[in-house]
Amino acid sequence: MKTPLIAICRHRLATDGQGVTTLVAFHGCPLCCKYCLNKRCLMPDGIWKEMDVEELLNEVMVDDLYFKATGGGITFGGGEPLLRSTEIVHFCQLMPAEWNITIETSLHVDSRHLESVAPYVHQYIIDVKDMNPEIYRSYTGKGNQQVIDNLRWLAAHEDVQKITIRLPLIPEYNTESDRTESRKQLEAMGFCKFDCFDYVLR
Ligand code: SF4
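Residues numbered from 1 in each chain as written. Predicted model: local features only at pLDDT ≥ 70, side-chain atom pairs only at ≥ 80, totals over all residues. Heavy atoms only, no water.

Participant: What exactly am I supposed to notice about the pattern of salt bridges here?
Facilitator: Pairing is possible between side chains that carry opposite charge, provided their charged atoms lie close to one another. One pass over the structure, following the stated rule, counts 12 salt bridges. Where Asp64 meets Lys68, a salt bridge forms, and the shortest distance between an N and an O atom there is 3.1 Å. Here Asp64 and its partner Lys68 are both found in helix H2 (residues 64–70), 4 residues apart, which amounts to about one turn of the helix. Relative accessible area serves as the criterion here: at 14%, Asp64 is assigned to the buried category. The residue Lys162 makes a salt bridge to Glu158 at a minimum N-O spacing of 3.0 Å. Taking the relative accessible area as the measure of exposure, Glu158 reaches 14% and is therefore buried. Overlapping salt bridges, with partners in common, bring together Glu104, Arg166 and Asp195 in one network. (Salt bridge = Lys/Arg side-chain N within 4 Å of Asp/Glu carboxyl O. Helix = DSSP H or I, 4+ residues; strand = E, 2+ residues; numbered from the N terminus. Buried < 20%, exposed > 50% of the residue type's maximum accessible area, 1.4 Å probe, protein only.)

Printed below as a string of structure tokens:
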């Protein structure tokens, strides 16, 4: 089956994941964030290319030596990569064993997607946005119970050192004290690595 993509970006260094990485960005996302930077992933005509797993592996194989020499690999983002869990698992079963896999996700997906890719993931970057359900709903258009359930699953089943939680300050939606509250709740769940930053509106 062909998977819709919005981009493949090569030779990324220190952006996410260790070593040299290639970002594979999927089309499609269950959320509708007000300040989404990747609006293409939400638009029906935003698809750049469609590839099956073998074609995707062929495409990114060009950097095999870089990945192996630097401890890098593939970062799956989007859009929401976990919506493509079947393709990611298939890809990981075919790729060279030395590659590292990073997933950039909102976790706003059914838990079966997360549980199926987890055995292959070396690092997670989780865009939690805000733990307050009302703030989350007003910013994304959806509730965050699924995200919280998936965070609990990760805290129970994964090494938390593999997980970085993104906590943005979102103009007009949350405040520094909302973010402090989110962080407190996440620390109580066992998470310890946070990336706190501000959205800058242009
Ligand atoms: S989760 Fe990410 S890709 Fe999806 S709408 Fe929000 S910012 Fe955009």
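Picking up after the structure, the text goes on.
Participant: So what exactly am I meant to see when it comes to the sheet that holds strand S8 (residues 194–198) here?
Facilitator: The strands making up a sheet associate through backbone hydrogen bonding, with each pair oriented either parallel or antiparallel. The 8 strands are arranged S3-S1-S2-S4-S5-S6-S7-S8 in an open sheet whose pairing can be described as mixed. Of all the strands in the sheet, the pair left with one neighbour each is strand S3 (49–51) and S8. When the angles between neighbouring strand axes are averaged without regard to direction, this sheet yields 30 degrees. Bridge analysis of strand S6 (residues 123–127) against strand S7 (residues 163–169) gives 4 bridges, and the strand direction is parallel. Paired with Asp127 across the bridge in S7 is Arg166. (Pairing = 2+ DSSP bridges. Axes fitted to C-alpha atoms, helices over the stretch in contact; angles between N-to-C directions.)

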